[in-house]
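# Results of the structural survey
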Amino acid sequence: MRAVHLFLLAASLALLPSMPAWAQAPASEPSIHDAALAQRLGADELGMRSYVLVILKTGPARVPDGEARKTMFAGHFANIQRLSDEGKLVLAGPFSEDPAGWRGLFLLAVDDLDEARRLTETDPVIVQGEMVAEYHRWYGSAAAVMIPDIHARITAKAP
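No experiment lies behind these values; they were computed from the predicted model shown.

### Some details on the overall build of the protein
- A count of helical and extended segments in the protein gives six helices and four strands.
- A burial count over the protein gives 26% of its 159 residues as buried.
- Of the roughly 11100 Å² of accessible surface on the protein, 62% is carried by carbon and sulfur atoms.

### Topic: the nonpolar core
- Among the nonpolar cores identified, the biggest contains 18 residues, and Val-52, Val-54, Phe-106 and Leu-108 are the most heavily contacted of them.
- Within the residue set of this core, elements represented by two or more residues are β1 (48–58), α3 (67–85), β3 (102–108), α4 (113–120) and β4 (131–141).
- With four residues, α3 is the largest single contributor of residues to this core.
- Counting residues in hydrophobic clusters, the runner-up holds five residues, among them Tyr-51, Leu-107, Ala-109 and Ala-144.

### Overview of the sheet that holds β1
- Taking strand neighbours across the sheet as the criterion, the four strands line up as β2-β3-β1-β4 in an open arrangement whose pairing is antiparallel. Every interior strand has two partners, whereas the edge strands, β2 (89–94) and β4, have only one. Sheet twist, expressed as the mean angle between neighbouring strand axes with direction ignored, is 20°.
- The pairing of β1 with β3 spans six bridges and is antiparallel.

### Examining the pairing of β1
- Pairing geometry for β1 and β4, over 11 bridges, is antiparallel. By the bridge assignment, Leu-53 is partnered in β4 with His-136.

### Details of the packing of aromatic side chains
- Enumeration over the complete set of coordinates arrives at three aromatic pairs.
- Between Tyr-51 and Trp-138, the aromatic rings sit 5.6 Å apart at their centres with planes inclined by 40°, giving tilted as the arrangement. With Tyr-51 in strand β1 and Trp-138 in strand β4, this residue pair connects regions lying 87 residues apart in the sequence.
- Directly above the aromatic system of Tyr-51 lies the positively charged group of Arg-49, at a separation of 5.2 Å from the ring centroid.

### Section: the environment of Glu-134
- Of note, Glu-134 is situated in strand β4.
- Relative accessible area serves as the criterion here: at 28%, Glu-134 is assigned to the partly exposed category.
- Distance from Glu-134 to Leu-56, taken between C-alpha atoms, is 6.6 Å for residues 78 residues apart in sequence.
- Not counting residues within four places of it along the chain, the set of residues in contact with Glu-134 comprises Leu-53, Val-54, Ile-55 and Lys-57.
- A distance of 2.9 Å separates polar atoms of two side chains, one belonging to Glu-134 and the other to Lys-57.

### Let's talk about the pattern of salt bridges
- Applying the stated rule across the entire model yields nine salt bridges.
- Notably, a salt bridge pairs Lys-57 with Glu-134, separated by 2.9 Å at the nearest N-O pair. Here Lys-57, found in strand β1, pairs with Glu-134, found in strand β4; they are 77 residues apart in sequence, far enough to count as distant.
- The partner of Glu-86 in a salt bridge is Arg-82, and the shortest N-O contact between them spans 3.1 Å.
- What makes Glu-86 partly exposed here is its relative accessible area of 43%.

Thresholds applied
Residues numbered from 1 in each chain as written. Predicted model: local features only at pLDDT ≥ 70, side-chain atom pairs only at ≥ 80, totals over all residues. Heavy atoms only, no water. Helix = DSSP H or I, 4+ residues; strand = E, 2+ residues; numbered from the N terminus. Buried < 20%, exposed > 50% of the residue type's maximum accessible area, 1.4 Å probe, protein only. Areas by Shrake-Rupley, 256 points an atom, 1.4 Å probe, with all protein chains shown as cover. Core = buried A, V, L, I, M, F, W, Y, C linked by side-chain atoms within 4.5 Å. Pairing = 2+ DSSP bridges. Axes fitted to C-alpha atoms, helices over the stretch in contact; angles between N-to-C directions. Phe/Tyr/Trp six-rings, centres within 6.5 Å; stacked < 30°, edge-to-face > 60°. Lys NZ or Arg CZ within 6 Å of the ring centre and 35° of its normal. Contact = heavy atoms within 4.5 Å. Polar contact = N/O pair within 3.5 Å; in protein donor to acceptor, adjacent residues only side chain to side chain. Salt bridge = Lys/Arg side-chain N within 4 Å of Asp/Glu carboxyl O.

Here it is as structure tokens:
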């Protein structure tokens, strides 16, 4: 069995020069670390940071179709824009139909669950009971903080 492993290793190494560049391990390159950008994004030494992931689920009180529902969702989208403008909201969006009641998510650039609750508790969909929020600490790439700026650059039409 050991001979088979050695053969496979040798065969793999022989094929390495013919592999496309994207499939090969990167050569040792000088660091491109941008300390100023890392600091601006709140990155730690691994390029990561803490967030709070908010899962929006179907709540106990569906607002009936009509003007009240339109007004509620207009306020929801205004709240999303406000949180983004404040630099707190990194990502937001709906889930496809989900039998478990998952409606959408917010990724908030905050460390504290209580702060995440304060930021979302005034959202009209929460206030009116259309949705309820679950809060989860999440650790991910600090580059996610750049999503709102990039999204603004690629959006041709506002929702």
